[in-house]
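Summary of structural features
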Amino acid sequence: MNRLAAFLLCTALTAPAFAQELRATGDLGVVVERATGSVLIVDQSERAAIGRVEGFGDLSHASLVFSADERFAYIFGRDGGLTKLDLLTQQIVGRVVQAGNSIGGAISDDGKLIAVANYEPGGVNIFDAETLEQLVAIPAGGKALGLEDAPGRKFVFSVWDTGETKIVDMSGPEPKITTLSNIGAEPYDALVTDDGRTYIAGLFGEDGLTSIDLWAEVPEPRRILPQYGRGKEEMPVYKMPHLEGWAKAGDQIVLPAIHHHEVLWIDSRTLEETGRTATHGQPVFAMARPGGRQVWVNFAHPDNDTVQVIDSMTHEVVGEMKPGPAVLHMEFTSRGTEAWVSVRDENKVVIYDTTTLEPIGEIAAESPSGIFFTARAHRLGL
Amino acid sequence: MPKMLAAAVLLLLAITLPATAEVVGPERAAQLEHLVVQDCGSCHGLTRKGGLGSPLTPEALEGQDRELIATVILDGVPNTAMPPWRPLMSEAEAYWIADYLLKDQNQ
């Protein structure tokens, strides 16, 4: 009898008594509110914000990654802050100010390590994802950027001042660092393709871009699009383009040009140019819709009220929208049915149907910049 | 002779005047402030403590000439990531930004 009572009690405790209060995180996301140091937690299915969390410091140029279980977001602030946010309780559960001036971060493929790229004092710091305890500091002799995760518990980053790329292997007891010098002058950002094979650094200070085959026994820098560069019609760059892992469009990689109002297409294996598309302005993000059928592009000041959609097979612009002043970022739902677009100067996120290119929803947000959906947790290079 | 001097002064004034003669109205000033915070902020930081670009706080700029700052804004710095903003603003507006940067906004 006692045993039965105990069993019943036990069942009562473990049964989903609070089922209506349970929530999964697979359709959640985080919108950075850059001017107020806060973030919105958004629900993709509800097309709504479900909470605002404050206390992240200076979030200009902030980005974030998600834990492998999609419960936590690690937010990288400009002021060197690394903050761990619980999406379910909507609480900050950890925060360290780990440098004076930071530019972004990455999470290792096994989800155990968080790396942060720093401008001041430069280099990369690596933390335990659970506790935010600092494990390693990797000096770099300059501003570290283009920090990406790579297969095998590795991180890769580049250095603006020295034109080097460093591969940090964290698979052993001690970090193993490989430095590739001479990747080119002033790398400004980089990406890793979603197969974890190709690292591409954009160069501000000279023509072309540099790729590194991370699958190679001895990775070496290789200049790609060497003839592509400033040329005669160099244009001022009012905002640096961003290179991100959403670059694979079918068999091609799509890249925002620099100094030119163009998007560049290269073959993802040979890395040879396959085309260029003239665009509305200096592209900032060129993001392939999941599946790669189209690429959405936003632009630098003063052309940043526009988003263009480009067909990845024909390289033609097939759509153009004016979401509002200062479109800073875009994010696709995991299978690409919707694109969420942040419109900083109208304090809103506009949701587009990617088939009709019509707006289907809107969320109020304070000076929104980056939008990040939890599906990123399960992709390399994001 | 004094006439010559006066003429020279006037000529000098005429040459340097355009930089300051055009008045930046309150509406445009608000736009410029927004530009400084948000768009300069992309590289120099929202709080102007620096990023890819150098810090632009009043402390960082202490002792700098407003004319030099305005020139850097208008023409950029060759071989760096600082672009010329001349296509997007007038000289008077660049001077307005220079003065804005030199002034401690917290005072």
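Residues numbered from 1 in each chain as written. Chains lettered and ligands numbered in written order. Predicted model: local features only at pLDDT ≥ 70, side-chain atom pairs only at ≥ 80, totals over all residues. Heavy atoms only, no water.

**Regarding the packing of helix H4 (residues 66-75) of chain B against helix H5 (residues 91-102) of chain B**
Residue and element names in this part refer to chain B. Viewed as axis vectors pointing N to C, H4 and H5 meet at an angle of 125°, and their least axial separation amounts to 8 Å. The pairing of H4 with H5 is recorded here as oblique in orientation. As for the relative orientation of H4 and H5, their crossing is right-handed in sense. Mapping the contact onto sequence places Arg66, Glu67, Ile69, Ala70, Ile73 and Leu74 in H4 and Glu91, Ala94, Tyr95, Ile97, Ala98, Asp99, Leu101 and Leu102 in H5. (Axes fitted to C-alpha atoms, helices over the stretch in contact; angles between N-to-C directions. Helix = DSSP H or I, 4+ residues; strand = E, 2+ residues; numbered from the N terminus. Parallel < 35°, antiparallel > 145°, perpendicular 65-115°, else oblique. Left-handed = near helix turned anticlockwise from the far one by under 90°. Contact = heavy atoms within 4.5 Å.)

**Here we look at the environment of glycine 123 of chain A**
Residue and element names in this part refer to chain A. Mapping glycine 123 onto the fold places it in the loop between strand S9 (113-120) and strand S10 (124-128). Linking glycine 123 and valine 284, residues 161 residues apart in sequence, is a C-alpha distance of 24 Å. If near-sequence neighbours (up to four positions away) are discounted, glycine 123 is found in contact with Val116, Ala117, Asn118, Ile138, Pro139, Ala140, Gly142 and Ala144.

**With respect to the pairing of S9 of chain A**
All names here are of chain A. Along S9, 7 of the 8 residues are buried, which leaves the element largely enclosed by surrounding structure. In terms of strand pairing, strand S8 (residues 101-107) meets S9 through 6 bridges, oriented antiparallel. Pairing of glycine 104 across the sheet is with alanine 117, part of S9. Pairing between S9 and S10: 5 bridges, direction antiparallel. By the bridge assignment, alanine 117 is partnered in S10 with valine 124. Taking the residues that link successive antiparallel strands as the turn, the S9-S10 hairpin has 3 residues, and the phi of glycine 122 there is positive, at about 90°. (Buried < 20%, exposed > 50% of the residue type's maximum accessible area, 1.4 Å probe, protein only. Pairing = 2+ DSSP bridges.)

**Some points on the sheet that holds strand S17 (residues 198-203) of chain A**
Residues and elements named next belong to chain A. Taken in spatial order, the 4 strands line up as S16-S17-S18-S19 in an open sheet, and their pairing is antiparallel. Looking at the sheet topology across the chains shown, the edges are occupied by strand S16 (187-192) and strand S19 (221-224). Strand-to-strand twist in this sheet, taken as the mean axis angle between neighbours without regard to direction, amounts to 25°. Examined bridge by bridge, S17 and strand S18 (residues 209-213) share 5 bridges and lie antiparallel to one another.

**A look at the pattern of salt bridges**
Residue and element names in this part refer to chain A. Applying the stated criterion to the full structure yields 30 salt bridges over all chains. In this structure, aspartate 194 engages lysine 248 in a salt bridge whose closest nitrogen and oxygen atoms are separated by 3.9 Å. Within this pair, whereas aspartate 194 is found in the loop between S16 and S17, its partner lysine 248 is found in strand S20 (residues 248-249), the two being separated by 54 residues in sequence. Each of Asp194, Asp195, Lys248, Arg269 and Arg379 takes part in one network of salt bridges that share partners. (Salt bridge = Lys/Arg side-chain N within 4 Å of Asp/Glu carboxyl O.)

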